[in-house]
Amino acid sequence: KAQGLAMNRGALANSDNKPQSRPKLVIKAFKKPPSLPSSFYPSTSKLLLSNSKIILNRNTTKDTPQSSSYNPNNQSSTSREELYRACESCVVHKFSDELYNSLKNLLTEHVKNISKQLQQKTTKYLTTPTNNNTTDIDAHAIHSNNNPESLLLLLKHVVQTYDDHLDSLASIRSIYLYLDRTYVLHHATHLQIWDLGLQLFREHVLVPDLLTLVTTSVTTQCRLRWSGSAVDSHLLRSASRMLSTLGLYLKFFLPPFLASARAYFNAEASRLTANLNLRAYLDHCTRRLSDAHSSAADHLDDGCTRGPLASLVEDALVRPHVDAMLSQMHLLLDAGGGTQARTADQPAVERGDDTTDHLKVLYAFLSRVDGLEAMKSRLSSYVSARASATISASDPGLVVPNLLDLRRRVTEAWSASLDSWPPFKAAVKAAFEDACDDSTRLAELLAKFVDQQLRTTKAGEGDVEARLGEAMAVFRYLQNKDVFEVYYKTHLSKRLLHRKSSSVDLERFFIAELKAECGSAYTSKLEGMFKDMELSAEVTSAYEAYARDKHGSDPLPSKMDLWVLTTGYWPSYAPVDCSLPPDLREHQARFEAYFGNKYQGRRVTWQHALGTCLVDFDAPKGRKTLEVSELQALALLAFNGAGEKGLTV
């Protein structure tokens, strides 16, 4: 239709061949420029300020219904949108500065009224300090009648007043938002409306006296919380948030709060350390540190308070009492297996988890108060004293087991509770070396302990190997390693010659440990003893074949096994002259002839003190076999057939 209409008009224009005239629009300037009515700003500002006053007084007067100015129906008849548009009009028409100053005066008057009301409540509940320079925030120091209940009631009123002020301030800011964003934001000398309301509250409401009382109340509630009483966590968080928002927390609240907490914890530490029980005190310190963390997280400004309060707890409860705590550290190390309390039939008792935890707690606290060097010194003294007492104990059978038990407990404490701190390990090693230095008795007893482990035993090979490893740890502390070698060689010779060794593999394992520690020169003779045992088996086998070939027709009634030993490898023994039975003398003669022919230039010396014999004898209840030394067998033979009651061996 539109296209058809356009075509028709074109046809008419073409048919008439006359141009169509168009109407013209003429714009002319005002003869008199427009202006605002003179009553615009006074009426608009009155509308804004009167409604703002109603909003501010709504929360201020609702707690005092007896006041003549209070009217529950006193609500603004103008909507928030209309008030916002009125503020926008004032800003658009260049009344921003006047409106801002008027609003500032209104807010100032409002917070002054709040301050007067709080002063009345302060007078009602407690007496404020007369000295504005008071630094001690303890409630009883401010006034003797300022009990925690009164301080708590005052704190509730202050926090409630602050919350009401924030609610009113939020409503005011929403009305004057256009002024805030277009005018205030571009003037550096003017505070935004929210910040202005906070600053006025800080200056006129939280005056020094009231701020001191608020600080006292929060501190008193925290003390009650540390004493185990229930407190209003929400109220304390609100108070701390108020102080942080107003910029008063770090400068005006935290220093006196920490001073009061320090006095509280110092008094507590003095009381508990008078009769110190280390375990109970460590539990108390742990609990107080947890209280500090929970107080900072639940009641205070966590970011600003947690670190300083935790450090304060450590400085008050731990740092001044390091020596007193370390004086009882031996109780933690001795627990569960004291070396002096054991008897020969009592095994070492492993240290319990409870002791480990307390030692770990002690280490953790001392590491934070620069007490590890003192702990290292005390640990070194403990090890040195206990090791020296153990080595000089009257029962020689307990010396090495108790020394190993001491080392095991200290090593476990170092790895499980002391964070494997390398200086501790070096101090313990030095203390053991100092206690074991030049101890000939320990070298002898350690060799005897190793001999007991390597003799025939019912214990598993793995257990024996573990005990041998512990014995090697003590061996490393010895300065007189040559003395140990002499005693060890003596015991080894008896085990090999009397066939008392539980395992050749274990024997070689321990010798390999000695070789790794002291070098091949230290163990060359010990290794030579094993070579002699292998060669002796070959020599005995060859001699038995020789004896069957040469003396098969004249066998002897007894059988003799031989060990051919190299003099330089084995311990020296004084020769013993004794009279042997004829058949044993014949055995000696035959072997000397065989050995002299095969190994010319070598001389055979018989060590009768090392010989052993299996003796059969007829006892009244049947035939018995005795395993005795060679000299004991000769003594028994002296009674053979003596009288009617003689023995037949």
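Residues numbered from 1 in each chain as written. Predicted model: local features only at pLDDT ≥ 70, side-chain atom pairs only at ≥ 80, totals over all residues. Heavy atoms only, no water.

A.B. asks: What is the right way to read the overall build of the chain from this model?
C.D. replies: Across its full length, the chain carries 26 helices and two strands. By residue count, 40% of the 649 residues in the chain fall in the buried class. Long-range contacts, defined as pairs at least 24 residues apart, comprise 77% of the intrachain contacts of the chain with a sequence gap of at least 6. Accessible surface, the chain: about 35,600 Å² in total, of which carbon and sulfur atoms supply 51%. (Helix = DSSP H or I, 4+ residues; strand = E, 2+ residues; numbered from the N terminus. Buried < 20%, exposed > 50% of the residue type's maximum accessible area, 1.4 Å probe, protein only. Contact = heavy atoms within 4.5 Å. Areas by Shrake-Rupley, 256 points an atom, 1.4 Å probe, with all protein chains shown as cover.)

A.B. asks: Could you clarify how one ought to interpret the packing of helix 22 (residues 481–497) against helix 24 (residues 520–551) in this entry?
C.D. replies: Each pair of packed helices gets described by two things: the angle between the helix axes and the distance between those axes. For the pair helix 22 and helix 24, interaxial distance at closest approach is 10 Å and the crossing angle is 5 degrees. One way to sum up the angle between helix 22 and helix 24 is to call them roughly parallel. Between helix 22 and helix 24, the residues in contact are Lys481, Asp482, Phe484, Glu485, Tyr488, Lys489, Leu492, Ser493, Leu496 and Leu497 and Tyr522, Lys525, Leu526, Met529, Phe530 and Met533, respectively. The class makeup of the residues in the contact of helix 22 with helix 24 is ten nonpolar, one polar and five charged. (Axes fitted to C-alpha atoms, helices over the stretch in contact; angles between N-to-C directions. Parallel < 35°, antiparallel > 145°, perpendicular 65-115°, else oblique. Nonpolar A, V, L, I, M, F, W, Y, C, P; charged D, E, K, R; others polar.)

A.B. asks: Just checking my understanding: could you explain the pattern of salt bridges for this structure?
C.D. replies: Two side chains that carry opposite charge are able to pair once their charged atoms sit near each other. Overall, the coordinates contain 22 salt bridges when judged by the stated rule. In this structure, Arg368 and Glu314 form a salt bridge, with 2.5 Å as the shortest nitrogen-oxygen distance. Here Glu314 lies in helix 13 (residues 302–317) and Arg368 lies in helix 16 (residues 353–368), a separation of 54 residues in the sequence. Accessibility expressed as a relative area gives 39% for Arg368, which makes it partly exposed. One salt bridge in this structure joins Glu517 and Arg476, with 2.9 Å as the shortest N-O distance. Highlighted residues: Glu517 in helix 23 (residues 504–518) and Arg476 in helix 21 (residues 461–477), separated in sequence by 41 residues. The exposure class of Glu517 is partly exposed, given its relative accessible area of 34%. Given a relative accessible area of 36%, Arg476 falls into the partly exposed group. (Salt bridge = Lys/Arg side-chain N within 4 Å of Asp/Glu carboxyl O.)

A.B. asks: Just checking my understanding: could you explain the environment of Glu507 for this structure?
C.D. replies: Position of Glu507 relative to the elements: it lies in helix 23. Residues Glu507 and Glu465, 42 residues apart in the sequence, show an inter-C-alpha distance of 9.9 Å. Not counting residues up to four positions away in its chain, the partners in contact with Glu507 are Leu454, Tyr488, Leu492, Arg495, Ser501 and Phe530. A distance of 2.8 Å separates polar atoms of two side chains, one belonging to Glu507 and the other to Ser501. (Polar contact = N/O pair within 3.5 Å; in protein donor to acceptor, adjacent residues only side chain to side chain.)

A.B. asks: Is there a simple way to explain the confidence of the model for the chain in this structure?
C.D. replies: Caution applies to low-pLDDT regions: their predicted coordinates should not be interpreted in detail. In the predicted model, the chain carries a mean pLDDT of 83, and 85% of its residues have values of at least 70. Mean pLDDT per element in the chain: helix 5 (residues 139–142) is the minimum at 40, and helix 10 (residues 233–245) is the maximum at 96. The low-confidence segment residues 61–73 (pLDDT under 50) makes seven contacts with residues lying over four places distant or belonging to another chain. For the stretch residues 128–145, pLDDT sits under 50, and the model shows 27 contacts to residues farther than four places along the chain or on other chains. (pLDDT = per-residue confidence, 0-100.)

A.B. asks: Is there a simple way to think about empty space enclosed by the protein in this case?
C.D. replies: Following the criterion strictly, the structure yields one cavity of 30 Å³ or more and no others. By volume, the largest cavity is sized at about 50 Å³. Lining of the largest cavity is provided by Lys53, Leu56, Asn57, Leu106, Glu109, His110 and Asn113. Those elements giving two or more residues to the lining of the largest cavity turn out to be helix 2 (40–61) and helix 4 (96–125). For the lining of the largest cavity, the element with the highest residue contribution is helix 4, accounting for four residues. (1 Å grid on protein atoms, 1.4 Å probe; cavity = no way out; pocket = protein on both sides within 12 Å on 5 of 7 lines; lining within 4 Å. Points joined across faces, edges and corners; volume = space filled by probe spheres on them.)

A.B. asks: Sorry, what's going on with the pairing of strand 1 (residues 612–619) here?
C.D. replies: As judged from the eight bridges shared by strand 1 and strand 2 (residues 622–629), these two strands associate in the antiparallel manner. The residue of strand 2 that forms the bridge with Ala619 is Gly622. (Pairing = 2+ DSSP bridges.)

A.B. asks: What is the right way to look at unusual backbone geometry in this model?
C.D. replies: Residues other than glycine predominantly adopt negative phi, and peptide bonds predominantly adopt the trans conformation. Notably, Lys94 is not glycine yet its phi reads approximately 70 degrees, a positive angle. On the secondary structure map, Lys94 appears in the loop between helix 3 (80–92) and helix 4. Despite not being glycine, Arg499 has its phi angle at roughly 55 degrees, a positive value. With respect to the helices and strands, the residue Arg499 is situated in the loop between helix 22 and helix 23. Given a relative accessible area of 53%, Arg499 falls into the exposed group.

A.B. asks: So what exactly am I meant to see when it comes to the packing of aromatic side chains here?
C.D. replies: Both the distance between ring centres and the angle between the ring planes are used here to describe each pair of aromatic rings. Inspection of the entire model under this criterion finds 25 aromatic pairs. With centroids separated by 6.3 Å and ring planes inclined at 55 degrees, the aromatic side chains of Trp226 and Phe257 adopt a geometry described as tilted. Here Phe257 lies in helix 11 (residues 249–273) and Trp226 lies in helix 9 (residues 208–226), a separation of 31 residues in the sequence. Its relative accessible area of 4% is what places Trp226 among the buried residues. Centre to centre, the rings of Phe484 and Tyr488 are 5.8 Å apart; their planes meet at 15 degrees, and the pair counts as stacked. Within this pair, Phe484 and its partner Tyr488 are both found in helix 22, separated by four residues, close to a single helical turn. When its relative accessible area of 0% is taken as the criterion, Tyr488 is described as buried. (Phe/Tyr/Trp six-rings, centres within 6.5 Å; stacked < 30°, edge-to-face > 60°.)

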